[in-house]
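Analysis of the macromolecular model
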Amino acid sequence: MAFFSSLTPVFIAIICVLIGAILKKINGEKEKSETKSKPLSHPWVDEDLKDGNDHYLEEEEVDEAWQGLDENVAHVPFFTERYSEAEMIKRSQMFYELLNKRRSVRFLSDEPVPREVIDNVIRTAGTSPSGAHTEPWTFVVVQDPCLKHKIREIVEEEEEINYKKRMGDRWVNDLKRLRTNWIKEYLDTAPYLILIFKQIYGQLPNGKKKIHYYNEISVSIACGILLAALQNVGLYTVTSTPLNCGPQLRALLQRPANEKLLLLLPVGYPKKDATVPALTRKPLGDIMVLM
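Residues numbered from 1 in each chain as written. Predicted model: local features only at pLDDT ≥ 70, side-chain atom pairs only at ≥ 80, totals over all residues. Heavy atoms only, no water.

Named according to an unreviewed UniProt entry, the chain is iodotyrosine deiodinase originating from Columbina picui. Among the UniProt annotations of the chain, the heading Sequence similarities (unreviewed entry) holds the following wording: "Belongs to the nitroreductase family." (UniProt positions renumbered as here; feature names shortened; annotations may be inferred.)

Here is the structure:
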């Protein structure tokens, strides 16, 4: 009995060690599971650039009964010009050749651009399809030199941090061959800056929020049409996603909380001594699958 009594503390210690090991294993598996379920952290991604479709509105904020949409939209006959096969081939080839000349140009002239041209290219972008025809886009056109410079200051301050800390060595190294950095002279020299905002929701007259379906995709399509429209009139730009600048630029431009900055385009003529990287595009066989 004395022998077993002397062993009791040993047994208790062993049991405690086993319990501790079991609890540690359970907690480890739990942490591993939580880590898997959490999205990867991307510190360079601006909160404003996250997909608006992940933004779920509270039920009490949305008017489920009425979205401000006419339930009885009239449908009218649709007429359009139809081209011959030869004309279709010709037009498709000409349009490809036009768009194939599009390049991202970072050296833009301060030469004035007719305002009517800017109005028309944005009207063209506004013809884009959108989810439930909600048209969730706002195009802010900036031509005031002081305002353009303030935008440049905000962008360059954040971009320097992006290049030095947020983006990481791999991303920065991939950009070296393109000779890009955080200095954005074109934000001052371009006669126009077009800032494209996506509206993650709309506002109804009764104060309720209106859902904007597929707002990210809809606005992205509109941006593509805008790029084509600019190329069509001989204007150039560089697609700029000003990471971590969205909230500051939205405040500077006095845009409402439902608008999130998606893209910034400096627009103008290329400088006479402008250069671009000698890049090639993938051939048709690499981008198209015919089944």
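Still more to cover.
**Section: empty space enclosed by the protein**
In the structure shown here, the tally under the stated rule is one cavity of 30 Å³ or more. Looking at the largest cavity, its volume works out to about 50 Å³. Surrounding the largest cavity, Arg102, Arg103, Leu227, Leu230, Gln231, Leu235, Tyr236 and Thr237 form its lining. Class assignment of the residues belonging to the lining of the largest cavity gives a composition of four nonpolar, two polar and two charged. (1 Å grid on protein atoms, 1.4 Å probe; cavity = no way out; pocket = protein on both sides within 12 Å on 5 of 7 lines; lining within 4 Å. Points joined across faces, edges and corners; volume = space filled by probe spheres on them. Nonpolar A, V, L, I, M, F, W, Y, C, P; charged D, E, K, R; others polar.)

**Brief notes about the environment of Val155**
With respect to the helices and strands, Val155 occurs in helix H4 (residues 145-166). On the basis of relative accessible area, Val155 is assigned to the buried category, the value being 2%. Sequence separation between Val155 and Gln248 is 93 residues; the distance between their C-alpha atoms is 9.3 Å. Other than its neighbours up to four places away in sequence, Val155 contacts Lys184, Leu187, Pro242, Cys245, Leu249 and Leu264. (Helix = DSSP H or I, 4+ residues; strand = E, 2+ residues; numbered from the N terminus. Buried < 20%, exposed > 50% of the residue type's maximum accessible area, 1.4 Å probe, protein only. Contact = heavy atoms within 4.5 Å.)

**With respect to the packing of aromatic side chains**
Evaluation of the coordinates by the stated rule reveals zero aromatic pairs. Over the face of the ring belonging to Tyr201 we find Lys209, whose NZ or CZ atom lies 4.3 Å from the ring centre. (Phe/Tyr/Trp six-rings, centres within 6.5 Å; stacked < 30°, edge-to-face > 60°. Lys NZ or Arg CZ within 6 Å of the ring centre and 35° of its normal.)

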